Amino acid sequence: VTRYDVVALSAVFACGAVDVSPVEAANLRKFDFSGLFKTAPSFDFTVDDLTVNVTANAEDGTGQVRQTVGGLGVFDGRGRGREIDAAGGIETLFLDFGEKVSLVSATFGYVDGNDAFNLFVGNNPLVVGMDIPDSNVFDFSSFDSKQISAQTFSFTANLRSDYSLQSITVATVPEPTTVFALMAVGGLGSVALKRK
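A short tour of the structure in this document, coming up. (Residues numbered from 1 in each chain as written. Predicted model: local features only at pLDDT ≥ 70, side-chain atom pairs only at ≥ 80, totals over all residues. Heavy atoms only, no water.)

## Focus on the side chain of Thr92
With respect to the helices and strands, the residue Thr92 is situated in strand 8 (residues 91–109). Not counting residues within four places of it along the chain, the set of residues in contact with Thr92 comprises Thr55, Ala56, Asn57, Val74, Ser154, Phe155 and Thr156. (Helix = DSSP H or I, 4+ residues; strand = E, 2+ residues; numbered from the N terminus. Contact = heavy atoms within 4.5 Å.)

Laid out in structure tokens, this is it:
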């Protein structure tokens, strides 16, 4: 076995380790959206070095973000507005992280009965009409990592459903240059061990 073989094997191992579980390899960030009663066109929330910008839209174009103790909803300008709902038109809450992240879980507020949510990851629909669990926490670990990774996420409600977004947990996705740097360091370490 030559040193080049060792480097190649280390690179393959490093790629496999990163590809198998990017969520485990990355740092988790939990954003808590509950707070005092406020309404604004957008809100920014920062945890450590990651910021999410939250905006909203109602079908008539008047949507603003409303923050309450139960989390974030959409204010549609007609007196409704602590939840994301489809009464009088579809409301959407948009989350933009400015970089690619993986969705780990979401916690919902003001849930009653059979409330269901729709979620777009980037421009792709991930779930449509998914019932919110009794725990109010939806875990995305059963989805393929490529399905739950994006820079933007948007939540809407199914007909006759309403809820708020109380918190969201995401994992940062390592940049490709970081992955290659780790592979190179692993390869050099293997060569050094081989020489000894």
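Structure's up, so let's keep going.
## Here we look at unusual backbone geometry
With a phi angle near 55 degrees, Asp48 is a residue other than glycine that sits in the positive phi range. You can see Asp48 is positioned in the loop between strand 3 (42–47) and strand 4 (50–58). Owing to a relative accessible area of 65%, Asp48 belongs among the exposed residues under this scheme. Backbone geometry places Arg160, a non-glycine residue, at a positive phi of 65 degrees. When you line up the elements, Arg160 lands in the loop between strand 12 (149–157) and strand 13 (162–172). Take Arg160: its relative accessible area is 75%, and that puts it in the exposed class. (Buried < 20%, exposed > 50% of the residue type's maximum accessible area, 1.4 Å probe, protein only.)

## Considerations on the environment of Gln64
Checked against the element boundaries, Gln64 lands in strand 5 (residues 64–68). Put simply, Gln64 and Thr92 are 28 residues apart on the chain and 9.7 Å apart in space, counted from C-alpha to C-alpha. Beyond its immediate sequence surroundings of up to four residues, Gln64 is in contact with Thr39, Ala40, Pro41, Ala56, Gly73, Val74 and Phe75.

## Considering the packing of aromatic side chains
Per the counting criterion, the structure on display carries 13 aromatic pairs. Between Phe108 and Phe117, the aromatic rings sit 4.9 Å apart at their centres with planes inclined by 40 degrees, giving tilted as the arrangement. Across the pair, exposure class does not vary: Phe108 and Phe117 are buried alike. Among the aromatic side chains, those forming a connected cluster through ring pairs are Phe108, Phe117, Phe138, Phe140, Phe143, Phe155 and Tyr163. (Phe/Tyr/Trp six-rings, centres within 6.5 Å; stacked < 30°, edge-to-face > 60°.)

Remember that the coordinates give geometry; whether it matters functionally is a separate question.
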